[in-house]
Amino acid sequence: MKRSKVKELLSMQAGGDVLAKGWVRTKRGNKEIAFIALNDGSTIRNIQIVVDKNETTEPVLARISTGACIAVEGKLVESVGSGQSVEIKAGNITVYGECDPMRYPLQKKDTSFEYLRTVAHMRPRTNTFGAVLRLRSQMAYAIHEYFHSKGFVYLNTPLITASDCEGAGQMFQVTTLDLNNVPKNKKGLPDFTKDFFGKQTSLTVSGQLEGELGATALGEIYTFGPTFRAENSNTPRHLAEFWMIEPEMAFYDIQDNMDLAEDFIKHLVKYALDNCIDDIQFLNDRYDNELIERLRGVIDTQFVRLPYTRGIEILKEAIANGEKFEYPVDWGTDLQSEHERFLVEKHFGKPVILTDYPKDIKAFYMKQNEDGKTVRAMDVLFPKIGEIIGGSERESDLQKLEQRVEELQMSRKNLEWYIDTRRFGSCPHSGFGLGFERLLLFITGMQNIRDVIPFPRTPKNAEY
Ligand code: 4AD
Ligand code: MG
């Protein structure tokens with residue numbers, strides 16, 4: 001008999017013979033009858049298996065406990081109990097894998113998220129991580145679908161690179177040099193000409209620069225892949241390995257860029273509500289009663305668009321009126337997430353797109369404004385999260401770009417291929433990067449970014 005997934009079984013009409021396979025969530029019952037809640041990961045919901053002890057050989061039942069993996073053949077019947085429309089009246093039961101209750105690592109009393117991160121094989125079997133991981137997968141699908149429906153080309157950019165896109169020097173080096181015996185050049189520095197690629201290379205912090213080469217040829221592209229940052233920040237919003245979606249569009253100015261970012265993120269939130277409500281409802285009921293309301297709120301509202309300079313004024317006014325922040329607010333410094341969240345959650349009560357940041361706190365590639373001080377940057381700030389998207393219109397003027405590279409003392413040699421886009425048929429263009437895990441934090445309502453990725457990578461932590 002063909003196996004049916006629990007999700008399918010729960011929407012089937014009662015009557016037929018079925019085969020279900022999965023992991024036991026609970027077993028309870030009395031002398032006559034046993035009830036097994038079975039889950040196979042296809043849905044947050046379990047199918048109830050009803051076992052008549054008079055018809056089933058006891059040894060099989062005795063081998064079944066929470067966590068065991070079993071296959072059940074039986075009849076799909078209408079359920080008398082509340083909570084489900086159908087259940088399986090068990091016939092033959094096969095035990096694939098027993099689960100010793102004494103050694104089972106998932107005891108009810110200790111299922112804190114910190115603990116679960118230490119039991120890699122159990123974590124995805126919990127309701128919470130099942131929901132989060134299904135949502136993650138659905139969102140990835142929705143992202144591809146969104147861009148494909150708009151005719152964007154999916155471009156794969158390299159993970160190993162010789163350029164530091166964000167210029168923040170937070171890169172993990174990639175080398176095959178023997179670290180115990182590094183060859184040195186005349187200056188006494190490591191001789192990277194002897195390295196695998198013949199030059200110094202790292203894991204990428206962003207696919208943007210290569211993405212721009214795609215956009216200035218194919219028109220509209222997006223990337224979706226892992227990125228790596230060796231920033232030593234142990235916060236609930238930073239990972240050393242995270243996934244980013246980076247669309248890049250020829251002929252878009254910053255207004256078009258903001259329009260796309262707003263439409264994109266609203267589409268994703270709406271997709272989650274329309275297609276994943278079971279999982280979202282579970283997370284809402286279990287952890288965060290305002291989750292669904294917050295998600296709906298984003299879809300129905302128009303994001304605020306606010307220049308950085310005005311944002312600083314608002315924050316200073318707030319301080320004058322008694323608001324307390326840990327970090328100072330000064331024109332020219334980067335906003336901390338407490339500032340971002342004040343603007344979004346307290347002042348406006350909706351997402352804010354902050355634009356026109358001081359050029360000195362933003363990357364070299366951003367288009368410079370006429371004032372000589374600010375650049376056409378745009379950060380999308382979200383409730384509970386802070387920055388969820390970072391982007392900009394790009395500097396398309398060859399001389400201005402070259403000048404900025406020089407000012408920042410970046411290595412020209414590794415950037416000529418990029419600067420060429422401005423040399424040969426330069427065009428106005430824009431793009432942004434959405435942090436996939438930050439999006440998932442918002443959609444799931446989880447508090448810690450480590451809990452929206454299957455295998456988190458953070459400082460001092462690379463298990464599994
Ligand atoms: O603002 P960022 O650094 O922008 C870029 O990398 C641009 N090259 C994007 C572009 O214009 N194509 O990063 C973009 C987003 C942030 O807004 C945030 O959501 C996420 O990536 N992000 C992180 N997510 C998790 N952990 C980290 N350490 C992150 N750093 C950035
Ligand atoms: Mg940023």
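Just so it is clear, the structure is predicted and the values come from calculations on it, not from any experiment. (Residues numbered from 1 in each chain as written. Chains lettered and ligands numbered in written order. Predicted model: local features only at pLDDT ≥ 70, side-chain atom pairs only at ≥ 80, totals over all residues. Heavy atoms only, no water.)

Once that is clear, we can look at the pairing of strand β15 (residues 386–393). Successive side chains on a regular strand alternate, one facing one side of the sheet and the next facing the other. Counting buried residues in β15 gives six out of eight residues, a clear majority hidden from the surface. Taken together, the six bridges between strand β14 (residues 374–382) and β15 define a ladder with antiparallel strand orientation. Looking across to β15, one finds that L381 is bridged to E387. Inspection of the sheet shows β15 paired to strand β16 (residues 429–435) by five bridges, in the antiparallel sense. Within β16, the residue paired with S392 across the bridge is G431. (Buried < 20%, exposed > 50% of the residue type's maximum accessible area, 1.4 Å probe, protein only. Helix = DSSP H or I, 4+ residues; strand = E, 2+ residues; numbered from the N terminus. Pairing = 2+ DSSP bridges.)

What follows covers the state of the cysteines. Under the defined criterion, the tally for this structure stands at zero disulfides. With no disulfide of its own, C69 lies 10 Å from the sulfur of C99, the closest cysteine sulfur. (Disulfide = S-S within 2.5 Å.)

Next up on the list: the site of ligand 1. For ligand 1, the set of nearby residues contains 25 residues, the closest of which are E166, Q208, R229, E246 and E387. Measuring from a nitrogen atom of ligand 1, one finds a side-chain N or O atom of E246 at 2.7 Å. In this structure, an oxygen atom belonging to ligand 1 sits 3.3 Å away from a main-chain N or O atom of G435. Elements represented by at least two residues in the shell around ligand 1 include exactly β11 (241–250), β15 and β16. Of all the elements, β15 adds the most residues to the shell around ligand 1, at five residues. Per-class residue counts for the shell around ligand 1 are nine nonpolar, eight polar and eight charged. (Near = heavy atom within 4 Å. Polar contact = N/O pair within 3.5 Å; in protein donor to acceptor, adjacent residues only side chain to side chain. Nonpolar A, V, L, I, M, F, W, Y, C, P; charged D, E, K, R; others polar.)

This next bit is on the side chain of T301. Within the secondary structure, T301 is located in the loop between α8 (291–300) and β12 (304–307). When neighbours within four sequence positions are excluded, T301 is seen to be in contact with E262, K266, K350 and P351. (Contact = heavy atoms within 4.5 Å.)

A few words on the pattern of salt bridges. Following the criterion strictly, the structure yields 32 salt bridges and no others. Close ionic contact of E402 with R412 constitutes a salt bridge, the shortest N to O distance being 3.1 Å. Here E402 is found in helix α11 (residues 398–407), whereas its partner R412 is found in the loop between α11 and α12 (416–423), with 10 residues between them in sequence. Among the charged side chains, a network of salt bridges with common partners joins E402, R412, E416, D420 and R423. (Salt bridge = Lys/Arg side-chain N within 4 Å of Asp/Glu carboxyl O.)

On to the sheet that holds strand β2 (residues 33–39). Judged by pairing direction, the barrel is mixed, and its five strands sit side by side in the order β1-β2-β3-β5-β4 before closing back on the first. Each adjacent strand pair in this sheet contributes to an overall mean axis angle of 55°, direction not counted. Across nine bridges, the pairing between strand β4 (residues 69–78) and strand β5 (residues 86–97) is antiparallel. Of the residues in β5, the one forming a bridge with L76 is I88. (Axes fitted to C-alpha atoms, helices over the stretch in contact; angles between N-to-C directions.)

Together, L159, I160, F196 and F197 make up an exposed nonpolar region whose accessible area comes to about 390 Å². When you line up the elements, L159 lands in the loop between β6 (153–154) and β7 (160–161). (Patch = residues over 30% accessible without salt bridge, like charges linked within 9 Å, V, L, I, M, F, W, Y side chains within 5 Å. Areas by Shrake-Rupley, 256 points an atom, 1.4 Å probe, with all protein chains shown as cover.)

With that out of the way, let us pick up the sheet that holds strand β9 (residues 201–203). Spatial strand order, β7-β9-β8: three strands in an open sheet with antiparallel pairing. Bordering the open sheet on either side are β7 and β8 (173–174), each of which pairs with just one other strand.

Another aspect to go through is the nonpolar core. Residues I47, M139 and L439 are the most contacted members of the largest nonpolar core, which totals 88 residues. Ranked by the residues each element gives to this core, the list is headed by helix α6 (residues 254–275), at 11 residues. The residues contacting M139, other than those within four sequence positions of it, are L268, Y271, A272, F436, L439, L440 and I443. Counting residues in hydrophobic clusters, the runner-up holds 32 residues, among them L315, V329, V352 and F364. (Core = buried A, V, L, I, M, F, W, Y, C linked by side-chain atoms within 4.5 Å.)

Our focus in this paragraph is the pairing of β14. Here β14 lies mainly inside the structure; nine of its nine residues are buried. Direction of pairing for strand β13 (residues 352–358) relative to β14: antiparallel, over a ladder of six bridges. Following the sheet pairing, Y357 is matched in β14 by V375. Hairpin connection between β14 and β15: a loop of three residues separates the two successive antiparallel strands, and K384 in this loop has a positive phi of roughly 70°.

Moving on: the packing of helix α4 (residues 127–149) against helix α13 (residues 436–444). Where α4 contacts α13, the axes come no closer than 11 Å and their chain directions differ by 120°. The angle between the axes of α4 and α13 places the two elements in the oblique class. Crossing geometry of α4 relative to α13 is assigned as right-handed. Taken together, the residues of α13 that come into contact with α4 (itself represented by V132, L135, R136, M139, A140 and I143) are F436, E437, L439, L440, I443 and T444. Partitioned by chemical class, the residues of the contact of α4 with α13 number nine nonpolar, one polar and two charged. (Parallel < 35°, antiparallel > 145°, perpendicular 65-115°, else oblique. Left-handed = near helix turned anticlockwise from the far one by under 90°.)

Let us now look at the environment of E387. Relative to the helices and strands, E387 is located in strand β15. Among the residues examined, E387 registers a relative accessible area of 29% and is labelled partly exposed. Dropping the residues within four chain positions of it, E387 is found in contact with E340, D379, V380, L381 and R438.

A separate point is the packing of aromatic side chains. Applying the stated criterion across every chain yields a total of 21 aromatic pairs. For the ring pair F196 and F197, a centre distance of 4.8 Å and an interplane angle of 75° mean the geometry is edge-to-face. According to the relative accessible area criterion, F196 is exposed, its value standing at 61%. You can call F197 partly exposed: its relative accessible area is 42%. Here the aromatic rings of Y308 and Y357 are separated by 5.3 Å at their centres, their planes lie at 40°, and the arrangement is tilted. Of this pair, Y308 sits in helix α9 (residues 308–320) while Y357 sits in strand β13; the two residues are 49 residues apart in sequence, bridging distant segments of the chain. Here Y308 and Y357 have matching classes, each one buried. (Phe/Tyr/Trp six-rings, centres within 6.5 Å; stacked < 30°, edge-to-face > 60°.)

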